There are 2 protein chains.
Amino acid sequence: MTDAPVYDKVALIGLGLIASSMFWATRRAGLARVVSGYARSGETRETARRIGLCHEVCDTLEEAVADADLVVLAVPVGVMGAVAMAMAPYLKPGATVTDVGSVKRRVIEDVTPHIPEGVHFVPGHPLAGTEHSGPESGFSALFENRWCLLVPPESTDPAAVARLRRYWEGMGALVEEMDPDHHDLVLAVTSHTPHLIAYTMVGVADDLRRVTDSEVIKYSAAGFRDFTRIAASDPTMWRDVFLTNKDATLEILGRFTEELFALQRAIRTGDGDALHAYFTRTRAIRRGIIEAGQDTEAPDFGRVKVER
Amino acid sequence: MTDAPVYDKVALIGLGLIASSMFWATRRAGLARVVSGYARSGETRETARRIGLCHEVCDTLEEAVADADLVVLAVPVGVMGAVAMAMAPYLKPGATVTDVGSVKRRVIEDVTPHIPEGVHFVPGHPLAGTEHSGPESGFSALFENRWCLLVPPESTDPAAVARLRRYWEGMGALVEEMDPDHHDLVLAVTSHTPHLIAYTMVGVADDLRRVTDSEVIKYSAAGFRDFTRIAASDPTMWRDVFLTNKDATLEILGRFTEELFALQRAIRTGDGDALHAYFTRTRAIRRGIIEAGQDTEAPDFGRVKVER
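Rules of the game
- Residues numbered from 1 in each chain as written.
- Chains lettered and ligands numbered in written order.
- Predicted model: local features only at pLDDT ≥ 70, side-chain atom pairs only at ≥ 80, totals over all residues.
- Heavy atoms only, no water.
- UniProt positions renumbered as here; feature names shortened; annotations may be inferred.
- Least-squares fit on C-alpha atoms with pLDDT ≥ 70 in both.
- Contact = heavy atoms within 4.5 Å.
- Salt bridge = Lys/Arg side-chain N within 4 Å of Asp/Glu carboxyl O.
- Helix = DSSP H or I, 4+ residues; strand = E, 2+ residues; numbered from the N terminus.
- Buried < 20%, exposed > 50% of the residue type's maximum accessible area, 1.4 Å probe, protein only.
- Phe/Tyr/Trp six-rings, centres within 6.5 Å; stacked < 30°, edge-to-face > 60°.
- Pairing = 2+ DSSP bridges.
- Axes fitted to C-alpha atoms, helices over the stretch in contact; angles between N-to-C directions.
- Domains from an automatic or database assignment.
- Buried area = accessible area lost by both parts, 1.4 Å probe.
- Polar contact = N/O pair within 3.5 Å; in protein donor to acceptor, adjacent residues only side chain to side chain.
- Right-handed = clockwise from strand over helix to strand, strands pointing away.
- Expected span 1.5 Å × (residues − 1).
- Arc of directions from axis to C-beta.
- Nonpolar A, V, L, I, M, F, W, Y, C, P; charged D, E, K, R; others polar.

Going by what an unreviewed UniProt entry lists, chain A is known as prephenate dehydrogenase and is assigned to Roseivivax sediminis. If you open the UniProt record of chain A and go to Catalytic activity (unreviewed entry), you find "prephenate + NAD(+) = 3-(4-hydroxyphenyl)pyruvate + CO2 + NADH".

Next up, the structure:
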């Protein structure tokens with residue numbers, strides 16, 4: 001289905017999983033006449049050219065953002081401010097700048113000072129991804145039926161927000177607006193703390209001398225392998241997430257360890273009723289996620305073919 | 001592919017996910033002439049009859065195990081001993097008893113005293129499962145390319161072990177022998193601790209007043225939903241696992257919290273290099289699991305269709 005373009009020119013800054021998926025989704029739905037792309041690494045730019053990612057891959061930020069109606073910052077959260085500063089002189093008056101960072105308060109603080117008068121800044125965050133990264137990992141369906149949260153400051157031009165919303169909806173996303181601090185807390189629960197815990201569990205398994213790595217790998221199907229998927233995510237992106245959403249992550253981690261200690265104590269004292277009650281309660285959340293269309297009901301995420 | 005039957009009659013005691021999958025896999029490969037089934041709950045027996053699970057569903061343990069060449073204990077770890085005691089008088093001389101419990105030391109301690117002279121006890125554990133449970137959740141491919149660990153005591157008749165191995169291989173499993181204590185430690189790492197952590201994280205999210213359940217559910221695709229799958233597993237089974245593999249689970253939990261505190265400190269002090277190094281190391285384990293054929297390389301466990 002091809003709609004009228006939402007933007008004449010879109011510039012994607014950073015060509016990883018999110019930006020490359022945005023290109024394929026934009027092209028598929030005809031949401032922009034032209035999409036330019038820029039990546040700091042020459043190797044990434046070369047790969048992008050080879051696979052036909054973006055209508056034009058530019059060697060400089062200046063070329064990429066020139067005349068762009070929408071500029072998307074798709075770089076790690078820790079460098080958003082520096083990239084915004086570097087591209088600011090070349091932004092077209094009336095253009096919109098957005099980002100796809102997993103943390104919003106810090107990105108707003110770092111990027112806003114560099115946005116020129118007459119340019120709209122509408123921070124955003126598509127809640128979509130896989131454990132793969134880089135320019136070759138993108139695909140057009142990544143945002144389908146996934147939420148994209150926009151966190152515009154109150155003073156933002158409503159027309160610029162509405163247009164960006166239309167763009168994300170054109171890529172298949174469900175769009176909601178949210179306050180940046182609440183965003184950072186919600187994501188600390190649904191994403192940042194789970195990632196840290198998965199990284200930790202995989203690290204522990206790797207470290208343990210009494211269980212070999214090959215045993216951990218061979219016998220991973222009993223639960224552990226789900227953690228390894230999450231713990232295979234991009235290290236730079238995640239380092240920046242934890243450094244820039246420090247307070248919310250540490251708060252949720254504190255709640256997590258408190259709860260873990262309570263369950264640990266129930267195990268130590270043999271309190272089977274407490275364990276059973278806890279494990280029963282958590283089943284309901286899974287049911288909610290499946291009913292909300294945010295995961296498959298198929299066993300094991302549909303990894304296996306179910307036949308009698 | 002139908003081989004010669006490995007056993008004339010197999011009795012499945014407990015008709016949940018594992019036993020029902022064993023029936024479909026046994027029937028598909030022609031591994032037994034007849035499979036009888038027994039469950040304590042009348043409702044489960046009725047469901048089994050309705051869906052054609054087992055050649056005969058029996059109303060008593062006595063009928064089910066009568067003349068069986070292989071009896072499979074597929075009940076929660078906490079009741080293995082009681083079931084073994086109840087069925088002992090009816091076991092055929094020369095028969096083999098096995099189990100599918102996730103903990104081995106305790107099952108051996110609880111079951112062995114009830115095994116009559118002339119009956120072989122070969123404890124086992126197929127490392128396979130899904131988040132679903134009950135008689136309707138089984139399917140014939142559950143064990144394909146999954147490991148099944150057998151932990152026979154040294155004095156066990158090698159012919160009985162070899163036959164059970166052939167049976168599991170006929171259902172598609174890869175079989176290995178292991179010492180029970182080592183089994184319990186390996187599983188504490190690859191399964192029991194990950195499950196407890198997933199249960200905890202989902203419980204924390206459910207509890208948090210400042211983030212609503214509907215937010216947790218809507219925005220789960222960013223990582224959290226992988227935890228909810230594990231935390232939807234059968235509560236009774238998992239209560240028993242933690243109560244009966246207490247020492248190994250508490251040991252690994254101790255290592256986990258130690259490591260988590262180190263990462264938490266790196267976040268608090270802003271030590272980006274430590275975080276990046278940690279997150280890079282854990283990627284390699286994922287690669288190993290994929291190369292070992294124990295998970296799919298497709299992004300997001302293959303949940304999405306990848307197209308440009």
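Undergrad: I tried to follow the relation of the copies chain A and chain B on my own but got confused; where do I start?
TA: Here the second copy of the chain follows from the first by a rotation about an axis and a shift along it. Each copy superposes on the other: chain A lies on chain B with an RMSD of 0.0 Å after a rotation of 180 degrees and an axial shift of 0.0 Å. Accordingly, the operation relating the two chain copies is best matched by a two-fold axis. A high fraction, 99%, of the interface residues of chain A reappear at the interface in chain B, so the copies pair face to face through one surface.

Undergrad: Can you help me understand the pattern of salt bridges in this one?
TA: Close approach of charged atoms allows side chains of opposite charge to pair. By the definition in use, this model includes 48 salt bridges over all chains. We note a salt bridge from E176 of chain A to K218 of chain B, for which the minimum N-O separation is 2.7 Å. Within this pair, whereas E176 of chain A is found in strand β9 (residues 174–177), its partner K218 of chain B is found in helix α8 (residues 213–218), the two belonging to separate chains. Looking at E176 of chain A, the relative accessible area reads 25%, which means it is partly exposed. Residue K218 of chain B is classed as partly exposed on the basis of its relative accessible area, which comes to 22%. Among the charged side chains, a network of salt bridges with common partners joins D206 and D207 of chain A together with R255, E258, E259 and R281 of chain B.

Undergrad: Would you take a moment to explain the packing of aromatic side chains for this structure?
TA: How two aromatic rings sit relative to each other is given by the distance of their centres and the angle of their planes. Residues and elements named next belong to chain B. Across all of its chains, the model carries 20 aromatic pairs over all chains by this definition. Between W238 and F242, the ring centres sit 5.7 Å apart and the planes meet at 40 degrees, which makes this aromatic pair tilted. Remark: F242 and W238 occur in helix α10 (residues 235–244); sequence separation between them is four residues, near one turn of the helix. With relative accessibility at 4%, the residue W238 sits in the buried group.

Undergrad: Just checking my understanding: could you explain the sheet that holds strand β1 (residues 7–13) of chain B for this structure?
TA: In a beta sheet, neighbouring strands pair by backbone hydrogen bonds and run either parallel or antiparallel. Residues and elements named next belong to chain B. If you trace the six strands from one edge of the open sheet to the other, you get β3-β2-β1-β4-β5-β6, paired in parallel fashion. Each of the sheet's edge strands pairs with one partner strand only, and the pair in question is β3 (56–58) and β6 (120–121). For strand β4 (residues 70–73) and strand β5 (residues 96–99), the ladder comprises four bridges, and the chain directions are parallel. Looking across to β5, one finds that L70 is bridged to T96. Running at roughly 150 degrees to β4, helix α4 (residues 80–87) makes contact with β1, β4 and β5 of the sheet. Sheet contacts for helix α6 (residues 158–170): β1, β4, β5 and β6; angle to β1, the most-contacted strand, approximately 75 degrees.

Undergrad: Got a minute to help me understand the domain arrangement of chain A in this structure?
TA: Residue and element names in this part refer to chain A. Taken domain by domain, chain A holds domain 1 (7–178) and domain 2 (182–293). Spacing between the C-alpha centres of domain 1 and domain 2 amounts to 30 Å. Taken together, the 19 residues of domain 1 in the interface contact 17 residues of domain 2. Carbon and sulfur atoms make up 61% of the surface buried where domain 1 meets domain 2, a total of about 1,400 Å² over both sides. The largest share of the area that domain 1 buries against domain 2 comes from S102, V103 and E131, three residues that together contribute 36% of it. Remark: the boundary between domain 1 and domain 2 carries one salt bridge. Of the charged contacts, one joins R229 and E131 as a salt bridge, the two residues approaching to 3.0 Å between their closest N and O atoms. At the boundary of domain 1 with domain 2, the tally comes to seven residue pairs in polar contact (both at pLDDT 80 or more).

Undergrad: Got a minute to help me understand the pairing of strand β8 (residues 147–150) of chain B in this structure?
TA: Strand residues, when the strand is regular, have side chains that alternate between the two faces of the sheet. Residue and element names in this part refer to chain B. Residues of β8 alternate between two faces, with W147 and L149 on one and C148 and L150 on the opposite face, all of them buried. Where strand β7 (residues 124–126) lies against β8, three bridges are found, and the strand directions are antiparallel. Directly across from H125, in β8, lies its bridge partner L149. As paired strands, β8 and strand β9 (residues 174–177) are joined by four bridges and run parallel to one another. The residue of β9 that forms the bridge with C148 is V175.

Undergrad: Would you explain the pairing of strand β2 (residues 32–38) of chain B in this entry?
TA: Residue and element names in this part refer to chain B. Buried residues dominate β2, accounting for six of its seven residues. Taken together, β1, helix α1 (residues 17–29) and β2 form a β-α-β motif whose crossover is right-handed. Handedness of the crossover joining β2 and β3 through helix α2 (residues 42–51) is recorded here as right-handed.

Undergrad: It is not clear to me how helix α6 (residues 158–170) of chain A should be interpreted in this structure. Could you clarify?
TA: The α-helix advances 3.6 residues per turn, and as a result positions three or four apart in sequence lie on the same side. Residues and elements named next belong to chain A. For α6, which comprises 13 residues, the first-to-last C-alpha distance of 18 Å matches the rise-based estimate of 18 Å (1.5 Å per residue) to within 8%. When we look at burial in α6, the residues that qualify are A160, V161, L164, Y167 and W168. Viewed end-on, α6 has its buried residues packed into an arc of 120 degrees, placing them on one side of the element. Phi turns positive one or two residues past the end of α6, at G172, with a value near 100 degrees.

Undergrad: Can you walk me through the interface of chain A and chain B in this structure?
TA: By convention, interface size is frequently given as the accessible area that disappears when the constituent parts associate. The interface of chain A with chain B comprises 116 residues on the first partner and 115 residues on the second. In this assembly, chain A packs against chain B so that about 11,200 Å² is buried in total across both faces, 66% of it on carbon and sulfur atoms. For the chain A face of the interface with chain B, the top three residues by lost area are Y219, F279 and R308 of chain A, together amounting to 8%. Connecting chain A to chain B are 14 salt bridges. Among the salt bridges present, the one from R229 of chain B reaches D226 of chain A, with a minimum N-O distance of 2.8 Å. Joining chain A to chain B, the criterion identifies 49 residue pairs in polar contact (both at pLDDT 80 or more). Residue assignment for the side of chain A that touches chain B shows that the elements contributing at least two residues are β8 (147–150), α7 (180–207), α8 (213–218), α9 (224–230), α10 (235–244), α11 (246–269) and α12 (272–291) of chain A. Ranked by residue count, the leading element in the side of chain A that touches chain B is α7 of chain A, at 22 residues. Looking at the side of chain A that touches chain B residue by residue, the classes come out as 57 nonpolar, 28 polar and 31 charged.

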